[in-house]
Amino acid sequence: MDELLILGGLLLIIGGLTWLIRRAFSVSLFWGLGSLLPPMTLVFVLFKWQKSSSPVTLMAFGFIPLVVGFAMLANHDSERLEAVLQLSWLKSEVSKEPAPELRIQLRGELNGHPFIPQEGELIGSVLTLRERNGASMQQEVRIHLPSASSGLVHINILPEDQGRLPLIEISRSASNLTRPENQHLARGYTLHLDLEPQAPNLLVGSFHLVLPRQFRTSLSGRVELFASRLRYRDGKVNRHFDSEETLAYVIRDYLARRFVTDAVQLYSLSRVSLPSRHLEIDVEAFINDKAHHFLVNMGKDELRGWQVEGDRFPALPAPAASEEPADAAGVKPHSSPALESVDKRRGFSLQRLQLSPAEFQQLRMRIVTVQGGAAEGVFVGIDGDGYLVIQRRLGDGGSASYKLSPQSIQSIELLGP
């Protein structure tokens, strides 16, 4: 409604101004050309009021819905009003090529090919560095750490080390390859990681990886990694970024303001397909330690990004100075804002695994297929085709991988919390 009032008011004002200029030209060419300049337009109105009264009255009527529309917009969405007044919607149209989000300075090669990653993240226990060259080729190195990261990450591995070590995975896909090239290594490599958290959601530090000669992989330098799939702009969560964590943040913020409490914990969200403009999401949440179920409709627009449709609830009161500050998602730093649980076997299902795969990486699980087969091992992740990847380590230091489509799974069981 507020947008329609503003638009209607602008149309009336523009229509009245056009009418006024036409009236000026009907008097004389001098008045017509002069009315194109604001000072002369005012002079024409003063000296030729009989000709200009009707257009000026129309413009005056246009200011009424314009002011009312701006007042309504300021009342329920001051951020959007500020964006409109600053013409940020015009700036985005003429903006130049965006600068890289991460400053990754690595030297070396990956599987015998030059490797200059533009993307990096450490989500849960999986560190990923990825290079994209358009749609034709993608190179990626993944390091599956023994446990999820929380804050500082300091790891030193030498070729002779034994025990539970990170699993190294190298993949390369190209348009001339019928299937991606994948290599795994469980030991016999050199790895150095020294990462420190940096607000709001980065891990920054040195990276050094050298694999045995046959892998032709050596990388060294400094990296910046995202510690979550939230993105920030000017210190605030960027609601335009398409990720399940962004949706979880928006939903949690909505529920906190709706119930006037910060004690909101999202338990599960239904699976979504991104990118999209409109989503309908099933939400299970604990609010003040009570279980609730919601069906939330979400939309995305150019100005505000993702939002819950019909959200008109005011902001929460400022917390007391003695309360411990929380991060933007209302959870501990570097943790997933979508789901938190002490025992991850509680409510575990295939749907929940697909929703938040990073939460269950490096956990053991057993899968039974509809054909009667069984696979047991460590969950590695979900590949680009949506297949679940289960890793089973062999006695000689090698590993075997199983890729299972969700449609072929009859039952899935998490073997540990």
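Residues numbered from 1 in each chain as written. Predicted model: local features only at pLDDT ≥ 70, side-chain atom pairs only at ≥ 80, totals over all residues. Heavy atoms only, no water.

A. Spotlight on the confidence of the model for the chain. Summarising the model, the chain shows a mean pLDDT of 81, and 82% of its residues fall at 70 or more. Taken together, the stretch residues 322-342 has pLDDT below 50 and engages in 38 contacts with residues farther than four places along the chain or on a different chain. (pLDDT = per-residue confidence, 0-100. Contact = heavy atoms within 4.5 Å.)

B. Main features of the packing of aromatic side chains. One pass over the structure, following the stated rule, counts 4 aromatic pairs. When the centroid spacing of 5.9 Å and the interplanar angle of 65° are considered together, the rings of F259 and F294 count as edge-to-face. Of the two residues, F259 sits in helix α7 (residues 244-259) while F294 sits in strand β16 (residues 290-301), which places them 35 residues apart along the sequence. Overall, the relative accessible area of 31% leaves F259 in the partly exposed class. Owing to a relative accessible area of 9%, F294 belongs among the buried residues under this scheme. Through a chain of ring-to-ring contacts, the aromatic side chains of F30, W31 and F44 assemble into a single cluster. The ring of F226 is capped by R231, whose NZ or CZ atom sits 3.5 Å from the centre of that ring. (Phe/Tyr/Trp six-rings, centres within 6.5 Å; stacked < 30°, edge-to-face > 60°. Helix = DSSP H or I, 4+ residues; strand = E, 2+ residues; numbered from the N terminus. Buried < 20%, exposed > 50% of the residue type's maximum accessible area, 1.4 Å probe, protein only. Lys NZ or Arg CZ within 6 Å of the ring centre and 35° of its normal.)

C. The arrangement of helix α3 (residues 38-47) in detail. For α3, the set of buried residues is T41, F44 and V45. Down the axis of α3, the buried set is contained in an arc of 100°. They therefore lie on one face. In this structure, α3 carries P39, L42, L46 and F47 as exposed residues pointing more than 90 degrees from its buried face. (Arc of directions from axis to C-beta.)

D. Summary view of the UniProt feature "transmembrane region" (unreviewed entry) in the chain. Mapped onto this structure's residue numbering, the UniProt feature "transmembrane region" (unreviewed entry) falls at residues 30-49 and 56-74. Across residues 30-49 one finds 80% helix and 0% strand; the C-alpha atoms that close the span lie 17 Å apart. With 100% helix and 0% strand, the stretch residues 56-74 has end C-alpha atoms that lie 27 Å from each other. (UniProt positions renumbered as here; feature names shortened; annotations may be inferred.)

E. Region of the structure containing unusual backbone geometry. Between A199 and the following residue, P200, the backbone shows a cis peptide bond with an omega angle of 0°. One can find P200 in the loop between β9 (190-198) and β10 (202-210). In this structure, V260 is a non-glycine residue whose phi angle is positive, near 50°. Structurally, the position occupied by V260 is in the loop between α7 and β14 (264-269). In this model, N288 sits at a positive phi of 55°, which is unusual for a non-glycine residue. Position of N288 among the secondary structure elements: in the loop between β15 (278-287) and β16.

F. How the structure looks around the nonpolar core. Grouped together as the largest cluster of nonpolar side chains are 34 residues, with contacts concentrated most on L127, L129, V141, Y189 and F207. When residues of this core are traced back to their parent elements, those giving at least two are β1 (105-110), β4 (126-133), β5 (137-144), β6 (153-157), β7 (167-174), β9, β10 and β11 (218-226). Top element by residues in this core is β10. It accounts for 5 residues. Those residues in contact with L127, other than ones at most four positions away along the chain, are E121, L122, V141, R142, I143, L193, L195, F207 and L225. (Core = buried A, V, L, I, M, F, W, Y, C linked by side-chain atoms within 4.5 Å.)

G. Here's a closer look at the environment of E284. Here E284 is to be found in strand β15. Sequence separation of E284 and L295 is 11 residues, and the distance between their C-alpha atoms is 9.0 Å. Residues in contact with E284, not counting those within four places in the same chain, are L266, Y267, S268, H292 and H293.

H. Representation of the sheet that holds strand β17 (residues 305-308) in the model. With antiparallel pairing, 4 strands are arranged side by side in an open sheet as β14-β15-β16-β17. Both outer strands of the open sheet, β14 and β17, are each paired with one neighbouring strand and no more. Between one strand and the next, the sheet's axes are offset by a mean angle of 40°, whatever the strand orientation. Across 5 bridges, the pairing between β14 and β15 is antiparallel. Within the sheet, the bridge partner assigned to S268 lies in β15 and is E284. Where α7 meets the sheet, its contacts fall on β14, β15, β16 and β17, and the angle it forms with β14 comes to roughly 135°. (Pairing = 2+ DSSP bridges. Axes fitted to C-alpha atoms, helices over the stretch in contact; angles between N-to-C directions.)

I. Up close: the pattern of salt bridges. With the rule as written, the count across this model stands at 17 salt bridges. Residue E244 pairs with R271 through a salt bridge whose shortest N-O separation is 3.6 Å. Separated by 27 residues along the polypeptide, E244 in helix α7 and R271 in the loop between β14 and β15 bring together distant segments of the chain. Under the relative-accessibility criterion, E244 is labelled buried at 17%. Put simply, R304 and D301 hold a salt bridge, and the shortest N to O gap is 3.5 Å. The exposure class of R304 is partly exposed, given its relative accessible area of 22%. (Salt bridge = Lys/Arg side-chain N within 4 Å of Asp/Glu carboxyl O.)

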